[in-house]
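Listed below are the residues making up each chain.
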Amino acid sequence: MTGFVQQNVSAHEIAGMGRHLGGTGKDFAGRARAAVGEHDRIATPEAFGTDKLGAQFLKTYGEAPHQVLKAMATFGDQLEEIGKMVADAALTQFDAELENLRKVNNVQT
């Protein structure tokens, strides 16, 4: 042992995972929003039928996918934000640990 405190945790790896999580959330939200548009395009009375049964089906189930897709977009946005927060927190922690190591090891910068 050399008498120096060593750092064994890779904050940059954790930050990378956070950025990956954020990117996944952004993609998820984007795809959900695209699906909302696609649903709006194809969920028409013509798709379900113009008779009473088709009208009732559209009334009952036509908006349900729209609501689910909007919720998915919100979830994706939140996942993106959480990923950014994880990355920022990991790098902030890394900087604080470096400063502590400088103080403990009396490193002059």
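A short tour of the structure in this document, coming up. Note that the structure is predicted; figures quoted are calculated from it, not measured.

Scoring rules and cut-offs
Residues numbered from 1 in each chain as written. Predicted model: local features only at pLDDT ≥ 70, side-chain atom pairs only at ≥ 80, totals over all residues. Heavy atoms only, no water. Phe/Tyr/Trp six-rings, centres within 6.5 Å; stacked < 30°, edge-to-face > 60°. Helix = DSSP H or I, 4+ residues; strand = E, 2+ residues; numbered from the N terminus. Buried < 20%, exposed > 50% of the residue type's maximum accessible area, 1.4 Å probe, protein only. Axes fitted to C-alpha atoms, helices over the stretch in contact; angles between N-to-C directions. Parallel < 35°, antiparallel > 145°, perpendicular 65-115°, else oblique. Left-handed = near helix turned anticlockwise from the far one by under 90°. Nonpolar A, V, L, I, M, F, W, Y, C, P; charged D, E, K, R; others polar. Salt bridge = Lys/Arg side-chain N within 4 Å of Asp/Glu carboxyl O. Expected span 1.5 Å × (residues − 1). Contact = heavy atoms within 4.5 Å.

Throughout the structure, instances matching the rule amount to 2 aromatic pairs. Ring centres 5.8 Å apart and planes at 85 degrees place the aromatic pair F28 and F75 in the edge-to-face group. Pair noted here: F28 is in helix α1 (residues 11–42) and F75 is in helix α4 (residues 64–104), with a separation of 47 residues, a long-range link. Taking relative accessible area as the criterion, F75 reaches 46% and is therefore assigned partly exposed. Ring centres of F48 and F57 lie 5.0 Å apart, and the angle between their planes is 45 degrees; on these two criteria the pair is classed as tilted.

Here α1 crosses α4 at 165 degrees, and the two axes come no closer than 7 Å. The angle between α1 and α4 places the two elements in the roughly antiparallel class. Remark: the crossing between α1 and α4 carries left-handed chirality. Classifying every residue of the contact of α1 with α4 by side-chain character gives 21 nonpolar, 8 polar and 8 charged.

With the rule as written, the count across this model stands at 4 salt bridges. For the salt bridge of D77 with R33, the shortest nitrogen-to-oxygen distance reads 2.3 Å. Of this pair, D77 sits in helix α4 while R33 sits in helix α1, and the two are 44 residues apart along the sequence. By relative accessible area, R33 is classed as partly exposed at 44%. For E99, the salt bridge goes to R102, with nearest N and O atoms at 3.2 Å. Taken together, the positions of E99 and R102, both in helix α4 and 3 residues apart, correspond to about one turn of that helix.

Right, let's talk about α1 for a bit. Taking 1.5 Å per residue as the helical rise, α1 with its 32 residues ought to reach 46 Å, and the 46 Å between its terminal C-alpha atoms agrees with that figure. Where α1 is concerned, the buried positions are A11, A15, G18, G22, G25, A29, A32, V36 and H39. In the core, the buried residues of α1 are packed alongside α4.

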